[in-house]
Amino acid sequence: MAKTILGIKLGMTQIFTEDGQVIPVTVVESGNNVVIRNKTVDTDGYYGVQIGFGEVKENKVTKPMKGHFEKCGVKPVKFIREIRLAAESEYKVGDTIGVDIFENGELVDVIGTSKGKGFAGGIKRHNFARGPMGHGSKSHREPGSTGAMMSGPGGRVIKGKKLPGRMGGTRTTVQRLTVVRVDADRNLLLIKGAIPGPKKGFVIVRETVKPDKRKK
């Protein structure tokens, strides 16, 4: 199983190395993740594992999820994610996964939900160039022509066209970030640089899918 853990983004700070360099880091808190269920080819048609993280009150859990936790024999958790695997998982139901699966200097990918920024125009949302600001121009920040449209009486803009709209609030992945420090006693990961999402936002930290080939 590829190294994966669920956590909460606490915010950013900075640490100093032994030679006096300043490194900006994001602090991710991750308690012990619990293995909820293992999926196999025989039962589900593929290999996978469900892991959970975070405390939650029982009255906040829906009846279907409460039954799922009872069937698996684990306590209710706030966040659940499933990880696809190439082979059967080596973990058993009820096992815990801590931040100590990572090491200092290891490369990771962080997945989160980016901050929502509301409605934005094409210049801010897609980095469009603006129109002329003088000489009688009346098109300064407008999107301009939308190009070809679908023919027929129901002509409309083709799907996927870059236009003004809601910006942010989407699943975002930042790859190849370095784990600067692993604090197993406090269940903290210090990751170099910024990661998606606001403070107290839910994130997934996993082993990078783009390892450093130069070290091989």
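Residues numbered from 1 in each chain as written. Predicted model: local features only at pLDDT ≥ 70, side-chain atom pairs only at ≥ 80, totals over all residues. Heavy atoms only, no water.

Draft legend 1. Representation of a positive patch on the surface within the structure. Positive charge collects at one region of the surface, where K115, K117, K124 and K199 lie side by side. On the basis of relative accessibility, which here comes to 48%, the residue K115 falls in the partly exposed class. (Patch = residues over 30% accessible without salt bridge, like charges linked within 9 Å, V, L, I, M, F, W, Y side chains within 5 Å. Areas by Shrake-Rupley, 256 points an atom, 1.4 Å probe, with all protein chains shown as cover. Salt bridge = Lys/Arg side-chain N within 4 Å of Asp/Glu carboxyl O. Lys, Arg positive; Asp, Glu negative; His and termini not counted. Charge placed at Lys NZ, Arg CZ, Asp CG, Glu CD. Buried < 20%, exposed > 50% of the residue type's maximum accessible area, 1.4 Å probe, protein only.)

Draft legend 2. Seen up close, the pattern of salt bridges. What the rule picks out here adds up to 5 salt bridges. For R37, the salt bridge identified is with D44, shortest N-O distance 3.1 Å. Overall, the relative accessible area of 28% leaves R37 in the partly exposed class. Here D44 falls in the partly exposed class, since its relative accessible area comes to 24%.

Draft legend 3. How the structure looks around unusual backbone geometry. In this model, N127 sits at a positive phi of 60°, which is unusual for a non-glycine residue. Considering the arrangement of structural elements, one finds N127 in the loop between α3 (122-126) and β9 (165-167). Among the residues examined, N127 registers a relative accessible area of 68% and is labelled exposed. If you check the backbone angles, R176 has positive phi at about 55° while not being a glycine. Within the secondary structure, R176 is located in strand β10 (residues 171-183). (Helix = DSSP H or I, 4+ residues; strand = E, 2+ residues; numbered from the N terminus.)

Draft legend 4. View of the pairing of strand β12 (residues 202-207). Bridging between strand β1 (residues 4-16) and β12 involves 5 bridges; their strand directions are antiparallel. When the sheet's bridge partners are listed, I5 is paired in β12 with V205. Sheet topology places strand β7 (residues 107-113) next to β12; 5 bridges connect them, and they run antiparallel. Looking at the pairing, D109 lines up with R206 of β12. (Pairing = 2+ DSSP bridges.)

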